[in-house]
Amino acid sequence: MISMQRITQLLLLSVLGICITAAPSLALEKKSIILQWLPQAQFAGFYMAKDKGFYEEAGIDLTIISGGPDVLASEYLEAGKADFATMFLSTGLQRRGTLPIVNIGQIVQHSALMLITKTSSNIKSVEDLRGKKVGLWANEFQMQARALFKRKGIPVTIVPQSDSLDLFMRNGVQAASGMWYNEYHTLLSYGLDKNELRTFSFSDYGLDFPEDGIYCLEKTANTYPELCEALVQATIRGWMYAFNHPEEALDSVLRRMKKSGTPANRAHQRWMLKRMEDIIVTDKVPAMGVLNKKDFQRVRNALIETGFLNNVPLFPEFYRGPVR
Amino acid sequence: MEFTNTKNGDKLVVAVTGRLDAVTAPEFDTQCKSWLNDGENRIIADLSNLEYISSAGLRSILSAAKQLKTAKGEIIFCGLNGMVEEVFTVSGFASMFAMYPTLDDALAG
Amino acid sequence: MKRHGIAFKLTTLTLSCAFIILAAIVGYNYYCSRDVILRQSEENSRLLAHQTTSSIDAVLSSVEKVAQNIAFSLEDATLTKEEILDLNRRVISNNPEIYGMAIAFEPYFLDKEKLYFAPYHYRSAGRISFSMLGSPSYRYFYMDWYQIPKELERAVWTEPYNDEGGGGVTMATYTVPFFRTVNGKRVFAGVVTADISLEWLEDMISHISIFDTGYAFLLSRHGTFITHPDRNLIMNETIFTLAEESKSEQLRKIGQDMLGGDNSFVLLEDVAGKGERYLYHARLKYGGWALGIIFPKAEMFADVTRLSRIMTLIGLAGFALLVGVIILIARRITTPLTKLSGAAHEIASGNLDLKLPEITSNDEVGDLAQSFTYMKNSLKEFIRDLTSTTAAKERIESELRIARDIQMGILPKLFPAFPERDEFEVFASIEPAKEVGGDLYDFFFVDEDHFCFLVGDVSGKGVPAAFFMAVTKTLLKVVSERGLDPGEVLTKVNADLATDNESCMFVTLFLAIIDIHTGETRYANAGHNPPIHIPETGKPEWIPPLGDPVAGIMEDMEYTTKSLTLTPGDILFIYTDGVTEAMDPAQKLYSEERLMEHVETMNKPSAPELVKDLDTSIKKFTLGAEQSDDITMLAFQFNGEQDK
C-alpha cells in the first residue's frame, strides 16, 4: 500500500528532475562561429561537437556558419556577424594589424600547404621552379611560397590560382598550390597516380606554419573567458570523437555538404579526415589546442620577412588559448 | 606305313614302306579294297623298304591275295630283304607267291 | 578384383560416357553461346557508343564552330561596343543549342576606365536576358573559363559544372581566346564563351537501357560523372573516388584507360556486390569526355545460363531414365544367366534330370538356354551310353578273363608233367600278349612208346586267334592220336583248317614225335620258326625249315616229315616268333641271333632252366615295353632209358 506521503515525494522528485534536465537549456549561451571555407571534413571536429552536444554540455548553443569563396571569415567577426571564426595563423596575425582579434585555441599544428608538380615536368627540387609558372592562391596562401622563393632567390611567374586545378591538369602551370588534405587527393581522384606527382611541402622548408585556429574579438575573449575556453575544449572533444568514429563523422560531414550543394564524395572526405588527424594530433604540443610560442614566432618572422606583416603583435596579446 | 603307287601299264606298282603289323594291317586291307575298286587287279608289291612284318601283316597279304584271286587278278612281290624275307621264307609264303629280287624283274616277269 | 555385376558395369560405363557427352555438349554450347553473346554485345555496344558519341560530338562540334566564328570575328578591332553587344545577342537568338554566350575582354581593354567588359546574353524563362559580368565579387579573370584559354592560348571545353542560377542543371562551356594586334604585336584580347546545358545529354544517355540493369554514363575529362543513373554520383564523384571507396584497383585502371583514349570492351570485377559487369568505353572527339556502357554479365548470359541449366536438368532426367532402362536390360540378361549358372552347378553335382529354367527370349540368351538344354540332354545320353558301354566293357573283360582261364586250362600246365617218367623232361611256358592269345603248345603220349610235343602260332592275337588256337590244338590232338607221321598230321589238320577259312587266318606249327626208347624224333614244320637243337655236347644248331608253308591256307598242301635222333641230354627248344620278335622300346628285335647267342652261353641247362633263363633274358631285353606278340617256349630234354 503506497501512502499519500510517498506519492507526494515521488511527484516532487519528478518535477525537480524535469526542471534539472530542462534547466541547462535555459542557461545556454547563443553564439555563432564562422568556418573559413565551405563544409568539408576540414571542420569535422566542429560538426561532431555540435552533433554530439558537446557545445551544449559546455553551455553553448553554437550556430555554425559556413564560409566559402566569397566569404572572408575575419570580416564576419568585424561585422559582428559571427562571434567566433576559424582562420590560419598567418591570416590571424596579419589581420591583427587592423582588427583586434585573439587566438583562443590552435587546432591545426602543422602546415598542410604544398606545391604540387607532375613528375613528367621533371622538377626535382624547388630550384627547378626557376622561371616556371607557379599557381598561388590569394592572401595568406601566398605567404609561405613567397617566403621560400625570396629566401632561395628563385624567380618564378606567379599565376593566380582559382579553386580549380584544371589549369594545372592542362599543364597551364607547372606547379599548383594545394592542401595535402584536399587538392593532393583531388588530383589522385582525377586519375593521376601517386608516382605521377611530386610535392614540395612548406613544412619541409622551415615554413611549417600551424594553420586552423579559433579566433574571436578581443572584446569577446575578455568578456567570456570561460565560454571561450569551454568552446575550445568542446571543439577538441569533437575532434577526438571524429577521429575515433570516422564513419559517423563522415556521415555528418557529407550530410552538411549535400545540404549546402557542395560537390562531395566519401572517398575524398575520408582522406581529408585522416590527414586532418595527422596535422592536428601531434606531440609537438602538450595538449590539443595549445599554440607553441616558437611556432608563433616563426610565422610572425616569416611574415615580417616577406612584408606581409608590419606591426609586431606580442604573443600574450595575441594568444588567449590553453597552455597545457 | 606308307604306300606309293605308280601305274606301269596294266600293273600297279605299290611300294610299301615302314611296318606291316597288327596296327597298320587294317590300313593295308582298306588300300587293297580301294585298288580293287579302282579296277586294279595286277599288283606288284615292292617291299624293299618294308622293315617289319608280323603274322597280322601276313594275314592281310593273304586276304589281299584271296580277293585278287576272286577278281581274276594276282599279287606278286619284289625287293624282299632282311627280316621280311626271312619271314616269307620261314612261313612258306615264298613258295605260295611269286617273288622277284628287283622291281624290274617283277615287271619283266 | 572386386566383383561388379553386369548391370553395374553397364550402368557405370554408359552413364560415364553419357555424362561426358552431355557435359561436352552443354559445356560447349554454353561457352560458344556466351562467346557469341559477348561478341554480339561488344559489337552492339560499339555501335551504340558510336551512335551516342557521334550525336554528342555533333552538338559539341557545332557549338565549337559558332564560338570559334565569333572569336574570329572579334579579332576585328573596328567593332564597336554596340556591335559587340548586338553580335552577342544575335548569336544566342540564332543558336538555340547555346544557352549563353559571353564575350569577356582583358582588363581595361575596350575602355580604359572599365576593368571589366564582359557582356553576357543568356536564355532565361523563354527570353533572352542580358548581364554584364565582372565585379569585385565576380573577378572572372581568375576563373577557369577565362584563365585557361588565356594561359594555354587555345580553345578548351571547361569541366562541367552546376549552374546555380539555372536550377542545378549541369552545364559546360566552350571558351575560345581571341587576339588583337596592338602596337604591331599580337596580344591576347579576351575570350568568347558558349555555354550549353547538358540536360539533353543526360536525357539521351539515361534512355540507353541495356537488358534490365545495364546503363550508360559519361565522364568528364578528369573522370567526374557527368551523367549516371545514380544521381548522387553526378558532379560529386569521379570514377577514381568510386574506385577508392570500393577498394578496386581494376576500376581505377579502367578509369585511366577510359580517359586515356582507347575504346575497349572489358570485364569489370565484382565491385560493391554489383556482380561482374562488362564495360564498353569510348572517348568523345570533342570535349575529352568518355562514354561508358555497362552490361551486367549475369543478365547478358541469363538466357544462356538458363538454357544450359534446363539442358542439364533434361540431361539428368535422361540419366535417370537411362539408368532405369539399362538396369532393366541388364537384368534381362543377368537374371537368366544367373539361373543358368545355378542350374549348371546343380547339373555338375550330378543332377542330370534337373529341369532347366524356362527361358524363351528370342535372343542370344534364349539361344544359350536352348544350347544348355541340348547339352544337358546330350550329356545325359552320353553318360547313359558310357555307363552301358562301361558295363558292357566290364562284362567283356570279365568274360575274357574267364576265356583266358579256359584257354590256359586246355594247355597242360602242370610241371613237372610226367614226374614218374625219367626218360625225358618237358617244360613249357606261354604268355599271351592279351588276355587270350594265339600261341599254343601241347605234349602227350601218342602211344606207350611215342611222345608228341608241338608248338604253334596262330596269325594275330586276341579272341580271334584264341578261337583258331583252340580249334587247332584240338584238331592236332585228335589227329595225332591216330598215330600218323607228323607230316601226315599236319596235312590233315591243314586241310580241316583251310576249309571254310574265310578270315585267312593261318597257323604256324612245329610238331615232333619222339620214340622214347630210341630217341628217334620225327618232325614236321608248317612255316614255323626253326627250333634249336641243343646237343649234350657240341654247339646248338638250328633245325632248318622244310619249306612248307603255314597251315590253314592251302587246302591241298602236303607236309613233309623229317627226322633226327636225340641222344640223351639233348634238348629240343621250340619257340614262337614272340621270342625273336620281342621289341625293346626302340623297336629293336630280340632276334634269332641273340637267341642263339644266349642259348650258346648256357651250360647244360635243364629244360625248365633253359626256358626260365630265356624268359628272364627276354624280359631284360624288352625293358618293360608293351608285349607285341604271344611268347611261347617249349624245351624237351631227352634223357634216354634209365636203369632203374
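Rules behind the numbers
- Residues numbered from 1 in each chain as written.
- Chains lettered and ligands numbered in written order.
- Predicted model: local features only at pLDDT ≥ 70, side-chain atom pairs only at ≥ 80, totals over all residues.
- Helix = DSSP H or I, 4+ residues; strand = E, 2+ residues; numbered from the N terminus.
- Buried ≥ 20, exposed ≤ 12 C-beta atoms within 10 Å, placed from the backbone.
- Contact = placed C-beta atoms within 7 Å.
- Pairing = 2+ DSSP bridges.
- Axes fitted to C-alpha atoms, helices over the stretch in contact; angles between N-to-C directions.
- Nonpolar A, V, L, I, M, F, W, Y, C, P; charged D, E, K, R; others polar.
- Core = buried A, V, L, I, M, F, W, Y, C linked by C-beta atoms within 7 Å.
- Expected span 1.5 Å × (residues − 1).
- Parallel < 35°, antiparallel > 145°, perpendicular 65-115°, else oblique.
- Left-handed = near helix turned anticlockwise from the far one by under 90°.
- pLDDT = per-residue confidence, 0-100.

Peer 1: Kindly report on the overall build of chain B, identifying the contributing residues and their values.
Peer 2: The helix and strand inventory of chain B stands at 5 helices and 6 strands. Along its sequence from the N terminus, chain B presents helices and strands in the succession β-β-α-β-β-α-β-α-α-β-α. Within the span of chain B, comprising 109 residues, buried residues form 39% of the whole. Excluding contacts between residues fewer than 6 apart, the proportion of contacts in chain B whose partners are at least 24 apart in sequence is 71%.

Peer 1: Describe the overall build of chain A, with residues and values.
Peer 2: A count of helices and strands for chain A gives 14 helices and 10 strands. Burial analysis of chain A (324 residues in total) assigns 48% to the buried set. Here the contacts in chain A between residues at least 6 apart in sequence split such that 83% fall between residues at least 24 apart.

Peer 1: Give me the lowdown on the sheet that holds strand β4 (residues 101–106) of chain A, citing residues and values where you can.
Peer 2: Residue and element names in this part refer to chain A. With mixed pairing, 5 strands are arranged side by side in an open sheet as β2-β1-β3-β10-β4. Among the strands making up the open sheet, the edge pair consists of β2 (60–65) and β4. Within the sheet, the average angular offset between the axes of one strand and its neighbour, ignoring direction, is 30°. Bridge count for strand β1 (residues 29–34) against strand β3 (residues 84–87) is 2 bridges, and the pairing is parallel.

Peer 1: Go over the interface of chain C and chain A with me, naming the residues and quoting the values.
Peer 2: At the junction of the two partners, chain C supplies 23 residues and chain A supplies 20 residues. Residue assignment for the side of chain C that touches chain A shows that the elements contributing at least two residues are α3 (144–152), α5 (239–246) and α6 (249–260) of chain C. Ranked by residue count, the leading element in the side of chain C that touches chain A is α3 of chain C, at 5 residues. Looking at the side of chain C that touches chain A residue by residue, the class counts come to 8 nonpolar, 9 polar and 6 charged.

Peer 1: A description of the environment of glutamine 144 of chain A should follow, citing residues and the corresponding values.
Peer 2: All names here are of chain A. Residue placement: glutamine 144 occurs in helix α6 (residues 143–152). Under the C-beta neighbour-count criterion, glutamine 144 is labelled buried, with 28 such atoms within 10 Å. For glutamine 144 and serine 90, which are 54 residues apart along the polypeptide, the C-alpha to C-alpha distance reads 9.3 Å. If we skip the residues at most four places from it in the chain, glutamine 144 touches Ser111, Leu113, Phe202, Leu207 and Phe209.

Peer 1: With reference to specific residues and values, describe the nonpolar core.
Peer 2: In terms of nonpolar packing, the biggest core is built from 167 residues, with Ala44, Ala85 and Tyr215 of chain A together with Val192 and Leu219 of chain C touching the most fellow members. Those residues in contact with alanine 44 of chain A, other than ones at most four positions away along the chain, are Ala242, Ala249, Val253, Leu273 and Met276 of chain A.

Peer 1: Before we move on, can you summarise helix α11 (residues 486–498) of chain C with the specific residues and values?
Peer 2: Since the α-helix advances by 3.6 residues per turn, residues separated by three or four positions end up pointing in the same direction. Residues and elements named next belong to chain C. Here α11 is 13 residues long and its end C-alpha atoms lie 18 Å apart, about the 18 Å a rise of 1.5 Å per residue gives. For α11, every residue scored as buried is listed here: Pro486, Gly487, Val489, Leu490, Thr491, Val493, Asn494 and Leu497. Positive phi shows up at aspartate 500, right after α11, with a value of about 55°.

Peer 1: Summarise the pairing of strand β8 (residues 215–219) of chain C; cite the residues concerned and give the values.
Peer 2: All names here are of chain C. With 4 of its 5 residues buried, β8 lies for the most part within the structure. Alignment of β8 against strand β12 (residues 290–296), held across 5 bridges, turns out to be antiparallel. In the sheet register, phenylalanine 217 faces β12, and the bridge partner there is glycine 292. The loop that links β8 with its antiparallel partner strand β9 (residues 225–227) comprises 5 residues; one of these, glycine 223, has a positive phi angle of about 95°.

Peer 1: Quick rundown of the pairing of strand β15 (residues 450–458) of chain C? Include the residues and the values.
Peer 2: All names here are of chain C. Most of β15 is tucked away, with 8 of its 9 residues classed as buried. Sheet topology places strand β14 (residues 439–445) next to β15; 7 bridges connect them, and they run antiparallel. Note on β15: the bridge partner recorded for phenylalanine 443 is phenylalanine 453. Following β14, the chain reverses through 4 residues before pairing antiparallel with β15.

Peer 1: Give me the lowdown on the sheet that holds strand β13 (residues 424–431) of chain C, citing residues and values where you can.
Peer 2: All names here are of chain C. Spatially, β13-β22-β21-β18-β19 is the arrangement adopted by the 5 strands of the open sheet, whose pairing is antiparallel. Across the chains shown, the open sheet's two edge strands, defined by having one partner strand only, are β13 and β19 (541–542). In the sheet, strand β18 (residues 532–534) pairs with β19 via 2 bridges, with the strands oriented antiparallel. The residue of β19 that forms the bridge with histidine 533 is glutamate 541. Across the face of the sheet, helix α14 (residues 607–622) comes into contact with β13, β21 (571–575) and β22 (631–638) while running at roughly 155° to β22.

Peer 1: Account for the packing of helix α11 (residues 246–260) of chain A against helix α12 (residues 266–280) of chain A, with residues named and values stated.
Peer 2: Residue and element names in this part refer to chain A. Closest axis-to-axis distance for the α11/α12 pair is 10 Å, and the angle between their directions is 120°. On the basis of their axis angle, the class for α11 and α12 is oblique. Seen along the crossing, α11 lies across α12 with a hand that is right-handed. Only Arg266, Gln269, Arg270 and Leu273 of α12 make contact with α11, whose side of the interface consists of Pro246, Ala249, Leu250, Val253 and Leu254. Of the residues contributing to the contact of α11 with α12, the split by class is 6 nonpolar, 1 polar and 2 charged.

Peer 1: Please give an account of the packing of α12 of chain A against α5 of chain C that cites residues and values.
Peer 2: Look at α12 of chain A against α5 of chain C: their axes get within 8 Å of each other, and the N-to-C directions meet at 65°. When the axes of α12 of chain A and α5 of chain C are compared, the pair comes out roughly perpendicular. Contacts between α12 of chain A and α5 of chain C involve Arg266, Ala267 and His268 of chain A from the first element and Thr241, Glu244 and Glu245 of chain C from the second. Here the contact of α12 of chain A with α5 of chain C is built from residues that sort into 1 nonpolar, 2 polar and 3 charged.

Peer 1: Give a description of the confidence of the model for chain B that names residues and reports values.
Peer 2: Of the residues in chain B, 99% have a pLDDT of 70 or more, and the chain-wide mean is 85. The ipTM value of the predicted complex is 0.84, and its pTM value is 0.63.

Peer 1: Tell me about the confidence of the model for chain A, and name the residues and values.
Peer 2: The predicted coordinates should not be examined in detail at positions where pLDDT is low. This prediction gives chain A a mean pLDDT of 89; 94% of its residues lie at or above 70. Looking over chain A, one finds the lowest element-wise mean pLDDT in helix α1 (residues 4–26) of chain A, namely 61, and the highest in strand β5 (residues 113–118) of chain A, namely 96.

Peer 1: Help me get a handle on the environment of leucine 148 of chain A, residues and values and all.
Peer 2: All names here are of chain A. Turning to its location among the elements, leucine 148 is positioned in helix α6. The exposure class assigned to leucine 148 is buried, which follows from the 21 C-beta atoms found within 10 Å. Look past the residues within four positions of leucine 148 in its chain and what remains in contact with it is Val126, Phe202, Tyr205 and Leu207.

Peer 1: Can you break down unusual backbone geometry residue by residue, with the values?
Peer 2: Going from phenylalanine 415 of chain C to proline 416 of chain C, the amide bond is cis rather than trans, its omega being -10°. The phi dihedral of asparagine 122 of chain A falls on the positive side, at around 60°, and the residue is not glycine. By the secondary structure assignment, asparagine 122 of chain A is in the loop between β5 and β6 (133–136). Owing to 10 C-beta atoms within 10 Å, asparagine 122 of chain A belongs among the exposed residues under this scheme. Look at tyrosine 108 of chain C: it is not a glycine, yet its phi comes out positive at around 60°. With respect to the secondary-structure elements, tyrosine 108 of chain C resides in the loop between β1 (100–105) and β2 (118–124). The class of tyrosine 108 of chain C is exposed, set by 12 C-beta atoms lying within 10 Å.

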